Amino acid sequence: MLMQRVITAVVLLALLLPALFAPVAWPWMALTLVFIAAGAWEWGRLQGMNFGASVVGSLLVLGLCADAYLSGWVQQPTPWLWQGVGVLWVLLAVWMLRRGVLGWAQWPLAARWPLGLLLIAAAWLALSQARVLGVNFLLSSMALVWVADIAAYFFGRALGGRIIRRKLAATISPGKSWEGALGGFLGVCVLAWGWQRLESTLAVDGPSLYTLLFQRGAAWAVLALVFLTAMSVVGDLVESLVKRSAGMKDSSQLLPGHGGVLDRVDALLPTLPLSMMLVTLGGA
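Thresholds applied
- Note that residues are indexed from 1 along each chain, following the sequence as it is written.
- Thresholds applied to this predicted model are a pLDDT of at least 70 for local features of residues and 80 or more for the giving and counting of side-chain atom pairs; totals over whole chains, interfaces and linings are not thresholded and use all residues.
- Here the side-chain values reflect all heavy atoms present in the structure, with hydrogen atoms and water set aside.
- In DSSP terms, a helix is any run of H or I states spanning at least four residues, a strand is any run of E spanning at least two, and both are numbered starting from the N terminus.
- Under the convention used throughout, the expected extent of a helix is 1.5 Å for every residue step, that is, one less than its residue count.
- Contacts: residue pairs with any heavy atoms within 4.5 Å of one another.
- Salt bridge criterion: a side-chain nitrogen from Lys or Arg within 4 Å of a carboxyl oxygen from Asp or Glu.
- Relative accessible area decides the class of each residue, using a 1.4 Å probe on protein chains only: under 20% of the type maximum gives buried, over 50% gives exposed, and in between gives partly exposed.
- Orientation is described by axes fitted as lines to C-alpha atoms, over the contacting stretch for helices, and by angles from 0 to 180 degrees between their N-to-C directions.
- The scheme is simple: roughly parallel for angles under 35 degrees, roughly antiparallel for over 145, roughly perpendicular for 65 to 115, oblique for anything else.
- Rotating anticlockwise by less than a right angle from the far helix to the near helix defines a left-handed crossing, while the corresponding clockwise rotation defines a right-handed one.
- Ten residues, namely Ala, Val, Leu, Ile, Met, Phe, Trp, Tyr, Cys and Pro, are considered nonpolar, four, namely Asp, Glu, Lys and Arg, are considered charged, and the remaining ones, Gly among them, are considered polar.
- Contacts described as polar in this section are N or O atom pairs within 3.5 Å, which, within protein, must combine one atom able to donate a hydrogen with one able to accept it, while residues neighboring in sequence count only if both atoms come from side chains.

This paragraph deals with helix α7 (residues 178-199). Compared with an ideal rise of 1.5 Å per residue, which puts 22 residues at 32 Å, α7 spans 31 Å between its outermost C-alpha atoms and is within 8% of the ideal. Where α7 is buried, its residues touch α6 (135-159), α8 (209-214) and α9 (218-246).

So, about the pattern of salt bridges. What the rule picks out here adds up to three salt bridges. Between lysine 176 and aspartate 236 there is a salt bridge, with its nearest N and O atoms 3.2 Å apart. Of this pair, lysine 176 sits in the loop between α6 and α7 while aspartate 236 sits in helix α9, and the two are 60 residues apart along the sequence. The exposure classification of lysine 176 matches that of aspartate 236, with both residues buried. Here the residues in one salt-bridge network are Glu239, Lys243 and Asp263, joined through shared partners.

Moving on: the packing of helix α4 (residues 79-105) against helix α11 (residues 268-280). Where α4 contacts α11, the axes come no closer than 8 Å and their chain directions differ by 135°. Taken together, α4 and α11 sit at an angle that is classed as oblique. The chirality of how α4 crosses α11 is left-handed. Contacts from Pro79, Trp82, Gln83, Val85, Gly86 and Trp89 in α4 reach Leu269, Pro270, Pro273, Leu274, Met276, Met277 and Thr280 in α11. Class assignment of the residues belonging to the contact of α4 with α11 gives a composition of ten nonpolar, three polar and no charged.

Once that is clear, we can look at helix α5 (residues 109-133). Under the 1.5 Å per step criterion, the end-to-end length of α5 is 36 Å for 25 residues, consistent within 8% with the ideal 36 Å. Counting buried residues in α5 gives 18 out of 25 residues, a clear majority hidden from the surface. After α5 finishes, the residue glycine 134 shows a positive phi value of roughly 140°.

Viewed as axis vectors pointing N to C, α9 and α11 meet at an angle of 160°, and their least axial separation amounts to 9 Å. Classified by the interaxial angle, the pair formed by α9 and α11 is roughly antiparallel. For the crossing formed where α9 meets α11, the hand is right-handed. Facing α9, whose interface residues are Trp220, Ala224, Phe227, Leu228, Met231, Ser232 and Gly235, α11 presents Pro270, Thr271, Leu274, Ser275, Met277 and Leu278. Among the residues making up the contact of α9 with α11, the classes are represented as nine nonpolar, four polar and no charged.

Moving on: the side chain of lysine 243. With respect to the helices and strands, lysine 243 occurs in helix α9. When sequence neighbours within four positions are dropped, the list of residues in contact with lysine 243 reads Leu46, Met248, Lys249, Asp250, Ser251 and Asp263.

Right, let's get into the environment of arginine 157. You can see arginine 157 is positioned in helix α6. Accessibility expressed as a relative area gives 61% for arginine 157, which makes it exposed. Between the C-alpha atom of arginine 157 and that of valine 85, which follows or precedes it by 72 residues, the distance is 33 Å. Engagement of the side chain of arginine 157 in a polar contact is seen with the side chain of tyrosine 153, the distance being 2.6 Å.

The structure is reproduced here in structure tokens:
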């Protein structure tokens, strides 16, 4: 299993890194679109749909992304869209986490299937717009999720349940603790500080997420980092809830040793669109 994970990770890096650092954005957009389409197929499976119907979901997402590209949304800010997606994610998160696994199962398929496809397509657009803003911005946005997850893991292992007895979401993800979530935020704060320090000494292709947030004021930036860290946890919990409802451990086995695409990008699905919302807030 370990060797499988390593080989898969190496192959993914060999594909993603050249696309990420290409002088133009389209290789990144094309490659991530393949993964997003795979995630849309997995979403259909998680809703109990058969192979053919799940493929239709992939095609619908491809169509949405193609329409967004042809409409010029990739190359220009769409603050109105990100504000709508942000509100949708917050409302969905509150509803799903309050109602739990059984509540999600009561949603009609005609509502939950297209809703997921819409949010998956929005994640691709966020990935694409972020890449247009610059590799520095895109990497800083993604690093927030990675560092929050890693810091939460170590803080959770060291302190989980020792300070706050109540679990973060016991019925959805029993291993998560409030100490881990708080540790994740502390890790993100250190990341933001270090990234800005490093950014000031390097030639970068544009400002990072953290620089853009702090340009609006320290208080705004801290609140934004709290929000993004919390929503990265929400993305993880939402996918775990859906998998529990479907009785599945992984969204698929498309990535040997790592599960499925949605298993790897669950926390990015809300945080990337919400990062775009925060840096474009106030725009037309």
